[in-house]
Amino acid sequence: LSQTVPLVVVSETLSAEAAARVKAYVESGGRALFVFGDERDAEGMAKSIDEISGSALAVSEPKVNDYAMLSKIDFAHPLFRPMSDPQFNDFSKIRFWAHRSISGVGKDWNVAAEYDDGDPAVLEKSVGKGRLFVLASGWQPTESQLALSTKFLPLMFRFFDASASEKSSQLFTLGRQFDFEPSGAANILTPSGNSLDYEQSSDGNLDEGPGVY
C-alpha cells in the first residue's frame with residue numbers, strides 16, 4: 001500500500017498476507033478504519049485487528065432493545081472536535097439498530113465514543129507512525145442511521161484527515177484567559193465569526209460566550 005492512500009477501509013476479515021500489508025502501511029504513517037458492519041464476520045475481523053495492533057480484542061453480539069444511541073462522546077478527540085459546538089454536538093437522533101460489543105480494550109486504545117449501553121462505539125489506537133480506527137457498527141440501513149445523519153460526512157472527513165491525529169483542542173472556562181503563549185501576531189476566530197488580534201496573553205479572554213474559539 002502506498003502512503004499516497006489517505007485511508008484504508010476494511011469491512012471483512014483480512015488474509016494473513018493482507019493484514020501484514022495493512023500493518024506495514026499503518027506503521028509507516030497510514031490510517032486504517034475497520035467497520036464492523038456484519039456480525040457474521042465479526043470474530044474474523046477482530047483477529048485481523050489483533051494482528052495489526054497487537055491487541056487481544058473479543059467481539060460478541062449484544063441484545064439491543066429497539067435501538068442504541070451514542071453516549072459519552074469525547075469532543076476533545078480529533079474525530080469529534082469539529083462537532084463540539086453546542087449547535088452541532090447533538091447525536092441523539094442517530095439510532096443504531098445493531099452493533100458489536102468489543103471487550104479486551106487496553107489502555108493503549110482511545111475510546112472516542114460509547115453507546116448508551118456502555119460498549120465502545122468508536123476506537124482509535126496508534127500503531128507505529130499511523131492510526132488504526134474501529135467502528136463497532138456499520139452505516140448501512142440495516143445497522144444504523146449514521147449515513148443518513150448530517151454528522152456522517154464530517155466524521156468521515158476526519159478519518160481521512162492526517163492532521164486529526166493530534167489532540168490540540170483544550171477546554172476553558174468562560175471569564176479566564178488562554179493558557180498558551182502566542183507566537184508572534186495571530187488571530188482568534190470567535191464563535192460568532194469575529195477575528196480578534198492576539199499578540200499577548202492578555203488578549204485571550206473568553207468573553208463572547210461558550211463555543212469553539
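This text goes with the structure placed above it.
About the criteria used
Residues numbered from 1 in each chain as written. Predicted model: local features only at pLDDT ≥ 70, side-chain atom pairs only at ≥ 80, totals over all residues. Heavy atoms only, no water. Helix = DSSP H or I, 4+ residues; strand = E, 2+ residues; numbered from the N terminus. Buried < 20%, exposed > 50% of the residue type's maximum accessible area, 1.4 Å probe, protein only. Contact = heavy atoms within 4.5 Å. Areas by Shrake-Rupley, 256 points an atom, 1.4 Å probe, with all protein chains shown as cover. Pairing = 2+ DSSP bridges. Axes fitted to C-alpha atoms, helices over the stretch in contact; angles between N-to-C directions. 1 Å grid on protein atoms, 1.4 Å probe; cavity = no way out; pocket = protein on both sides within 12 Å on 5 of 7 lines; lining within 4 Å. Points joined across faces, edges and corners; volume = space filled by probe spheres on them. Nonpolar A, V, L, I, M, F, W, Y, C, P; charged D, E, K, R; others polar.

A few points about the overall build of the chain
- Assigned secondary structure in the chain consists of three helices and ten strands.
- Ordered by position in the sequence, the α and β elements of the chain form the string β-α-β-α-β-β-β-β-β-β-α-β-β.
- Across the 213 residues of the chain, 39% fall into the buried class.
- Considering only contacts within the chain whose residues lie at least 6 apart along the sequence, 62% involve residues at least 24 apart.
- When the accessible surface of the chain is split by element, carbon and sulfur atoms take 50% of a total near 11500 Å².

Things to note about the environment of Val 5
- Looking at where Val 5 falls in the secondary structure, it is placed in the segment before strand 1 (8-10).
- When its relative accessible area of 28% is taken as the criterion, Val 5 is described as partly exposed.
- Put simply, Val 5 and Arg 31 are 26 residues apart on the chain and 8.7 Å apart in space, counted from C-alpha to C-alpha.

Here we look at the pairing of strand 10 (residues 195-198)
- Direction of pairing for strand 9 (residues 186-189) relative to strand 10: antiparallel, over a ladder of four bridges. Counterpart to Ile 188 in the pairing with strand 10 is Leu 196.
- In this antiparallel pair of consecutive strands, strand 9 and strand 10, the connection spans five residues, and Gly 193 shows a positive phi of 100 degrees.

Brief notes about the sheet that holds strand 7 (residues 120-127)
- Pairing in this open sheet of six strands is mixed, and the strands run 1-2-8-7-6-4 from one edge to the other. Each edge of the open sheet carries a strand with a single partner, namely strand 1 and strand 4 (70-71).
- Sheet analysis places strand 2 (residues 31-35) next to strand 8 (residues 130-135), joined by five bridges and oriented parallel. Within strand 8, the position partnered with Ala 32 by the bridge is Leu 132.
- Here helix 2 (residues 42-53) sits on the sheet and contacts strand 1, strand 2, strand 6 (109-115), strand 7 and strand 8; the angle it forms with strand 2, its principal contact strand, is near 160 degrees.

With respect to empty space enclosed by the protein
- Across all of its chains, the model carries one cavity of 30 Å³ or more by this definition.
- Lining the largest cavity, in full, are Leu 70, Phe 91, Phe 96, Tyr 115, Ala 121, Val 122, Leu 135, Ala 136, Ser 137, Leu 146 and Leu 155.
- In the lining of the largest cavity, the residues fall into ten nonpolar, one polar and no charged.

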